Amino acid sequence: MIKRTSCNFSIEQICESGQCFRMTRIEENKYAVVAQGKYLELEQKEEEIIFHCSEDEYTHVWERYFDFNTDYKQFIESVTNKDEYLYRAVQFGKGIRILEQDIWEIIISFIISQQNNIKRIRKCIETLCETYGEKKYTAEGKLYYDFPTVSALANATEEELRACNLGYRSKYIVNTANSIKRNEVDLESLKCMSYRAARETLMRLSGIGEKVADCICLFSLHHLDTFPVDTHIRKVLEQYYPKGFPYDTYMGYNGIIQQYIFYYDLKGGDR
DNA sequence: ATACAGGTCTTAA
DNA sequence: TTAAGACCTGTA
């Protein structure tokens, strides 16, 4: 059990910000996440965060996963009330972090996310993991399911995947899984590419367009300047930034700014 | 009932 | 190059 303190870190906000679909609240101030093949429970009281894992696992897995060594204060303070809407959005969601998640899991998760709502995305992914993922137990005997491997999904048929209520996305998933299995797109080399190259490469995969590719770049490849434009962001841009969003002002971290906006539009009740 | 959810693909001009 | 239209499913 590891205790850490950090400002501008809210597990609740990270959980609700729609970038990780396998993090859930299990009690008041207590959350669980399955990632990197592991199950982690964590609690938060004020600025104190308790990780229920070994020191070794914390430093090798979760510190990086939660982007714990990046100081988000600089980003938050760069947004002044000269931009009233953005200031409200950032103040509302300033506990959000951009996670660094597994590339394969994020590819499949955000193919599923298209034309879908977050509640159903979670349900689809849960079903997919229970059907095709490895069954595991924690040291305390808690059951959880890994995210399915590339082979597990490549070997499934479109009809079988449709049984997980994935709808028309089933075909995209089978195609993409097979492309990756055949190494037509190499996941490791994606990690070394520039944003432009990675995005272009990702878009060769079935079911991945500009928006999903951007989500993968932001939530997995950690290209923090990536600004995915979905239906929420599009509406905000039309209403508050009819002359264009000031990307230059937030050079290098537009993706973080995007996530504050997304979360505020989703949960903030503004507009 | 009809519209909409963190869009993409196909087809046609 | 751009613009319809189709596409699974659950919820309001």
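Conventions and cut-offs
- Residues numbered from 1 in each chain as written.
- Chains lettered and ligands numbered in written order.
- Predicted model: local features only at pLDDT ≥ 70, side-chain atom pairs only at ≥ 80, totals over all residues.
- Heavy atoms only, no water.
- Core = buried A, V, L, I, M, F, W, Y, C linked by side-chain atoms within 4.5 Å.
- Buried < 20%, exposed > 50% of the residue type's maximum accessible area, 1.4 Å probe, protein only.
- Helix = DSSP H or I, 4+ residues; strand = E, 2+ residues; numbered from the N terminus.
- Domains from an automatic or database assignment.
- Contact = heavy atoms within 4.5 Å.
- Pairing = 2+ DSSP bridges.
- Near = heavy atom within 4 Å.
- Polar contact = N/O pair within 3.5 Å; in protein donor to acceptor, adjacent residues only side chain to side chain.
- Nonpolar A, V, L, I, M, F, W, Y, C, P; charged D, E, K, R; others polar.
- Axes fitted to C-alpha atoms, helices over the stretch in contact; angles between N-to-C directions.
- Salt bridge = Lys/Arg side-chain N within 4 Å of Asp/Glu carboxyl O.

A. Looking closely at the nonpolar core. One finds Ile 107 and Leu 202 to be the most contacted residues of the largest nonpolar core, which totals 69 residues. Of the residues forming this core, the biggest block, 8 residues, is contributed by helix α5 (residues 103–113). Formed jointly, this core draws a minimum of three residues from each of two domains, domain 1 (2–92) and domain 2 (103–219). Apart from the residues lying within four places of it in its own chain, the contact partners of Leu 202 are Ile 107, Leu 190, Ile 208, Ala 213, Ile 216, Cys 217 and Leu 221. Judged by nonpolar contacts, the second largest core, of 22 residues, contains Phe 9, Tyr 31, Leu 42 and Phe 51.

B. Structural context of the pairing of strand β5 (residues 48–51). Here strand β1 (residues 2–5) runs beside β5; their pairing, made up of 4 bridges, is antiparallel. By the bridge assignment, Thr 5 is partnered in β5 with Glu 48. The pairing of strand β4 (residues 38–45) with β5 spans 4 bridges and is antiparallel. Considered in β5, the bridge of Glu 43 is made with Ile 50. Where β4 folds back on β5, the antiparallel hairpin that results is connected by 2 residues, among which Glu 46 adopts a positive phi of roughly 55 degrees.

C. Quick peek at the protein's contact with DNA strand C. Close to DNA strand C lie Gln 115, Arg 120, Arg 162, Asn 165, Gly 167, Tyr 168 and Arg 169, which account for all nearby residues. For DNA strand C, the fraction of protein-proximal atoms (within 4 Å) that sit in sugar or phosphate groups is 63%. Tyr 168 places a polar main-chain atom, nitrogen or oxygen, 3.1 Å from a sugar or linking oxygen of DNA strand C. Arg 169 is positioned with one of its side-chain polar atoms (N or O) 2.7 Å from a base oxygen of DNA strand C. Class assignment for the residues of the surface near DNA strand C results in 1 nonpolar, 3 polar and 3 charged.

D. Quick peek at the side chain of Thr 201. Positionally, Thr 201 belongs in helix α11 (residues 195–202). The buried category is assigned to Thr 201, whose relative accessible area is 10%. Polar side-chain contacts of Thr 201 include one of 2.7 Å to the backbone oxygen of Ala 197.

E. Local environment of the sheet that holds β1. Reading across from one edge, β1-β5-β4-β3-β2 is the order of the 5 strands in this open sheet, with antiparallel pairing throughout. Because the sheet does not close on itself, it has two edges, and the strands there are β1 and β2 (23–27). Across the sheet, the mean angle separating the axes of adjacent strands is 25 degrees when strand polarity is ignored.

F. The arrangement of the pattern of salt bridges in detail. Evaluation of the coordinates by the stated rule reveals 12 salt bridges. Lys 191 is the partner of Glu 188 in a salt bridge, and the nearest nitrogen-oxygen pair spans 3.2 Å. Classification of Lys 191 as partly exposed rests on a relative accessible area of 47%. For Asp 214, the salt bridge goes to Arg 199, with nearest N and O atoms at 2.8 Å. Pair noted here: Asp 214 is in helix α12 (residues 210–219) and Arg 199 is in helix α11, with a separation of 15 residues, a long-range link. Neither residue differs from the other here; Asp 214 and Arg 199 are each classed as buried. Sharing partners across several salt bridges, the network here consists of Arg 199, Glu 210 and Asp 214.

G. View of unusual backbone geometry. Residues other than glycine seldom take positive phi values, yet Asn 29 does so here, at roughly 65 degrees. If you trace the backbone, Asn 29 turns up in the loop between β2 and β3 (30–35). Classification of Asn 29 by relative accessible area gives partly exposed; the value is 39%. Even without being glycine, Gln 36 reaches a positive phi, approximately 55 degrees. Of note, Gln 36 is situated in the loop between β3 and β4.

In short, shape yes, function no, at least from these values alone.
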